[in-house]
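# Topology and contacts: notes
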Amino acid sequence: LDEISNVRNALAHFRPMKKEDVELVKQNGNHILNSVEKGLLNIIQITDIVPTNTQEKWYESLSNIENEYCNLFFYQSSDEKWIKIDINYHCSNISKENTIFNNKLYKVLNIVSPNILSEFPNYKDKLIFISESVSSTMKENDLEVLKDISFVFSRSVLKKYNKEILSDFQKVLNIIRKETNLIKEDHLARGDLIVSSQINVYKKDNGNWNIRDENLKYNTDESTLTEYWGEFNIYSNDFISTTYNYPWMPVSTSDFVLPF
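Below you will find a few notes about this structure. This is a predicted model, so every value here is computed, not measured.

This paragraph deals with the overall build of the protein chain. Secondary structure assignment for the protein chain yields seven helices and ten strands. C-alpha extents for the protein chain along the principal axes are approximately 75 × 55 × 30 Å. Each of the 260 residues in the protein chain was classed as buried or not, and the buried ones make up 39%. At a minimum sequence separation of 6, the contacts of the protein chain that also span at least 24 residues come to 62%. The positive charge centre, built from 29 side chains, and the negative charge centre, built from 37, are 2 Å apart in the protein chain.

Moving on, we get to the packing of helix 1 (residues 2-12) against helix 2 (residues 19-44). Axis separation between helix 1 and helix 2 bottoms out at 9 Å; the angle between their running directions is 145°. For the crossing formed where helix 1 meets helix 2, the hand is left-handed. Residue-level inspection shows Glu3, Ile4 and Val7 of helix 1 in contact with helix 2, the latter providing Asp21, Leu24, Val25, Asn28, Gly29 and Ile32. Looking at the contact of helix 1 with helix 2 residue by residue, the class counts come to five nonpolar, two polar and two charged.

As a rule of thumb, nonpolar side chains are buried together in soluble globular proteins. Residues Tyr123, Phe151 and Phe169 are the most contacted members of the largest nonpolar core, which totals 49 residues. The dominant element in this core, judged by the number of residues it contributes, is helix 6 (residues 162-185), at seven residues. If sequence neighbours within four positions are ignored, tyrosine 123 has contacts with Ile116, Leu117, Phe151, Phe153, Asp168, Phe169 and Val172.

Turning next to helix 6. Here helix 6 contains 24 residues, and its C-alpha end-to-end distance of 35 Å stays within 8% of the 34 Å for a straight helix at 1.5 Å per residue. All of the buried residues in helix 6 are Asn162, Ile165, Leu166, Asp168, Phe169, Val172, Leu173, Ile176, Glu179, Thr180 and Ile183.

On to the packing of aromatic side chains. With the rule as written, the count across this model stands at nine aromatic pairs. Centre to centre, the rings of tryptophan 58 and tyrosine 59 are 5.8 Å apart; their planes meet at 80°, and the pair counts as edge-to-face. For tryptophan 58, a relative accessible area of 1% puts it in the buried group. These aromatic residues form a ring-pair network of at least three members: Phe120, Tyr123, Phe151, Phe153 and Phe169. Directly above the aromatic system of tyrosine 161 lies the positively charged group of lysine 126, at a separation of 5.2 Å from the ring centroid.

Phi is positive for phenylalanine 14, which is not a glycine, with a value near 60°. Mapped onto the secondary structure, phenylalanine 14 falls in the loop between helix 1 and helix 2. Residue glutamate 80 is not a glycine yet carries a positive backbone phi of 65°. Note that glutamate 80 resides in the loop between strand 2 (70-76) and strand 3 (82-90). Residue class for glutamate 80 comes out partly exposed when judged on its relative accessible area of 43%.

Rules and cut-offs
Residues numbered from 1 in each chain as written. Predicted model: local features only at pLDDT ≥ 70, side-chain atom pairs only at ≥ 80, totals over all residues. Heavy atoms only, no water. Helix = DSSP H or I, 4+ residues; strand = E, 2+ residues; numbered from the N terminus. Buried < 20%, exposed > 50% of the residue type's maximum accessible area, 1.4 Å probe, protein only. Contact = heavy atoms within 4.5 Å. Lys, Arg positive; Asp, Glu negative; His and termini not counted. Charge placed at Lys NZ, Arg CZ, Asp CG, Glu CD. Axes fitted to C-alpha atoms, helices over the stretch in contact; angles between N-to-C directions. Left-handed = near helix turned anticlockwise from the far one by under 90°. Nonpolar A, V, L, I, M, F, W, Y, C, P; charged D, E, K, R; others polar. Core = buried A, V, L, I, M, F, W, Y, C linked by side-chain atoms within 4.5 Å. Expected span 1.5 Å × (residues − 1). Phe/Tyr/Trp six-rings, centres within 6.5 Å; stacked < 30°, edge-to-face > 60°. Lys NZ or Arg CZ within 6 Å of the ring centre and 35° of its normal.

Here's what the structure looks like:
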């Protein structure tokens, strides 16, 4: 960056640019962006399962908490420096209405993912980011919906703040359980983390079901805390150039243009 800065200062003071200066900026820019890309992929593409015989205190304590609606799953990066903890929430069906043309309108319980950060601000100082994903399937004409809330931490932070992070996860799961039970009994109620959302399901001409579960997802906007990244493409090996809206930035860096 210092070498790029020297070229920038020369340009800003109207000194002539050499061809070597341009090549220097290109070379250093590519080096920096490649390092950024590698760093991002390390914290985004975390797919290795943490071994169940791991004896670190953070794992032994966190692996023991769950309830009838939530399970915790643990993953680590290939270099084992980063840990992803998933809260797997079973979105309960609380009503179903059959409409015309084989359409079905379901009301299911849903986690308001960004509210985890606002309700538990201690997370913000310890994690890298929170993201979410939704999976929906029809089995024997019955809708099954799962929502994963992913928390990414540095392994060193998990070791250092084991007790505080354990306490926050216990509180989150307790609120999820309490509010899920409340709304299952009173469908008009609303919690701080749990709300009811509608899903429209209809059968296509080929006999397969089309499940519209967009209402269960929470995107990022200018009011969203930076640590909430919403849903993004974790499978891209070129995250920087294939992403039009970086989740940690309030505005778009580029607009999508149709190639025709």
